[in-house]
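In case you want the letters, here they are:
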Amino acid sequence: MSFIDIRGLKKSFGPTTVVHDFDLAIERGEFVSFLGPSGCGKTTILRMIAGFETATAGSIALAGQEVTHLPPAKRDVGMVFQSYALFPNMTVAQNIAFGLRVAKKGADEIRARVREMLDLIKLPHLAERYPYQLSGGQQQRVALARAIAVKPQVLLLDEPLSALDAKIRVSLREEIRALQKELGITTIFVTHDQEEALSMSDRIVVLNEGRAEQIGTPFEVYNWPRTRFVASFVGTLNLLGAEVIDAGAGRLALDGHTVATARPIEGRSNGEKVTVALRPEAVDLGNAAADRIALPGTIEDVSFLGAVVRIRVRLTAQTISLDAFNQPNVTLPKNGDAVTLTFAREDLLVLEGDH
Amino acid sequence: MKKSTFGPWLAVILGAAYFLIPLIATVEFSMRMKRGEYSFEAYRVVLGDPRFQASFGYSVVMALVTIVIGVALVVPTAYWVQLRLPKLRPIVEFITLLPLVIPAIVVVFGYLRIYNSESWLPLTDSQHGTDLLLAFGYVTLALPYMYRSVDTGLRAIDVRTLTEAAESLGAGWGTILFKVIFPNIRSAILSGSFLTFAIVIGEFTFAALLDRPAFGPYLQLVGANRAYEPAALAIIAFVVTWACMGLIQVFGAARGAASK
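Residues numbered from 1 in each chain as written. Chains lettered and ligands numbered in written order. Predicted model: local features only at pLDDT ≥ 70, side-chain atom pairs only at ≥ 80, totals over all residues.

Draft legend 1. Region of interest: the overall build of chain B. Along the backbone of chain B there are 12 helices and 0 strands. Ordered by position from the N terminus, the helices and strands of chain B form the series α-α-α-α-α-α-α-α-α-α-α-α. Going through the 260 residues of chain B one by one, you find that 34% of them count as buried. Across chain B, every contact between residues at least 6 apart in sequence was considered, and the portion connecting residues at least 24 apart equals 75%. (Helix = DSSP H or I, 4+ residues; strand = E, 2+ residues; numbered from the N terminus. Buried ≥ 20, exposed ≤ 12 C-beta atoms within 10 Å, placed from the backbone. Contact = placed C-beta atoms within 7 Å.)

What follows is the structure, encoded as structure tokens:
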């Protein structure tokens, strides 16, 4: 049995079901992100794990113990909120000590643990400050210290970086990940920011309309999105219409050209319309090696984005965007130039479920 | 073109005169007890009157009891409504506003019908029972002010998230209420308490009809039988009320500074 075992989890508010038959197994020490747009059910699932929402159906087990109907205080779960939720009437040290006092730990133990936590979040000099005297980033670090001071079995992070400015967000996400690895604490992180999920997680659960669309490592989710939703939500992607010519051989008709994917097209029949996905960074101008797919086109637009140049190329009936690194010594193509696009067969993904 | 400030200033002067002239006149009259000179004789007589001390002391105790019952009733209710039953908010607000609409004399006659010596709960049978009934009556009377103060305080903090944060740290309801919620709405509770205090100190109808020796009936009694002392008493009651208002301002300002 996994450390966290969620089976058939369902949540309805009146006639509206917001989480449908959600299954997930998380191993001890894993960092798993729930990624999805607003209203996809990610926070509701997290709140059911924390015990703040009651599951309509299904079960949740933490460390082998069924907790589905236990109150939050009995679950041994630490939680960090988007709005920090520090107690305004308490100092930083008192906030961190709160859970330890509730657990009736000895005064010496509490003092030592609070000092340890303050050192861990690198804020020992702010122990006597009140929350309103701290910046957003400092408050969130204190909230993190408060959550892990009681040594919970599981740490739940509900969009903890959303209220912070971009620079603090990047540094704090690195700190959270480093801390999680150091402590080895099993963590679930809710976010709508794909960059956060990709950079921090061992695995990502991409959610859409209360269902897990795909569960995989950041590498898998980014490079091999299974559905159109995952493909469009995680990173920028070219979505192109195609028609299956020979499913067994993986051959497709794409914009009037016959191309072959790296694998057979499963679950599709010949003549069926499908959607194929192609990452902009997987496409090159030129580089017509023999094993690469080559398609002719015309430059339609060139956008300079700093480190990257995004080029839009019109094929016969569809357009493809490609990303190239900015190199000052290489001349950029101009609108109307005839070019050849190339990409590896492995990069052409036939998406499941829609066409 | 420069706007004339004559109109606004006239309104302010007229408004101030409307409130201040009777007040100044009352103060002036209260100091004319000794013929031919101004003195605090009326205040000395009033403050030295054992019935004043007894009735004022009684009303202070009743006010404190009312505040304790009111806080114990209103804070958990307002907290629960905000946390779990937000749909009930309009109903609870309507109930808390009823004492402003229903005259005190109607409420107290209702009490007398329900809790008289022949009822299933004969509170008026004993002095302590009647005192308790009076305190409950005062709680009802102060409900609109206490509820509004506490509700405003609760709205100023993120009750739900603070509660959930405390719950996830293992806290039970007692700890959450006394360690997290109460301290963060302290100034709101104090505001409600001072308003309650001011209401109870001057209240007449409940105390008179339940025949309790409170400050309100004493004020009426002195007013009916003396000349200068009622004016002195009115000023004393006025000072007590304004002291309560001042304390609300002080605590409100302290809260504002603390949350910056």
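From this point on, the discussion continues.
Draft legend 2. Region of the structure containing the sheet that holds strand β4 (residues 57-62) of chain A. Residues and elements named next belong to chain A. Reading across the sheet, the 4 strands line up as β2-β1-β4-β5 and stay open at both edges, with antiparallel pairing between neighbours. At either margin of the open sheet sits one strand with a lone partner, and together these are β2 (16-26) and β5 (65-66). Relative to β5, β4 runs antiparallel, the two sharing 2 bridges. Considered in β5, the bridge of alanine 61 is made with glutamate 66. (Pairing = 2+ DSSP bridges.)

Draft legend 3. Structural view of the sheet that holds strand β15 (residues 284-285) of chain A. All names here are of chain A. Pairing is antiparallel across the open sheet formed by 5 strands, whose spatial order is β15-β19-β16-β17-β18. Strands at the two margins of the open sheet, each flanked by one partner only, are β15 and β18 (319-325). For β15 and strand β19 (residues 338-344), the ladder comprises 2 bridges, and the chain directions are antiparallel. Of the residues in β19, the one forming a bridge with aspartate 284 is threonine 342.

Draft legend 4. Up close: the interface of chain A and chain B. Taken together, the 19 residues of chain A in the interface contact 18 residues of chain B. At the level of secondary structure, the elements contributing two or more residues to the side of chain A that touches chain B comprise β6 (77-80) and α2 (92-102) of chain A. Partitioning the side of chain A that touches chain B into residue classes produces 15 nonpolar, 4 polar and no charged. (Nonpolar A, V, L, I, M, F, W, Y, C, P; charged D, E, K, R; others polar.)

Draft legend 5. The domain arrangement of chain A, seen in detail. Parsing chain A into structural domains produces domain 1 (4-230) and domain 2 (236-350). In this structure, domain 1 of chain A and domain 2 of chain A have C-alpha centres spaced 39 Å apart. (Domains from an automatic or database assignment.)

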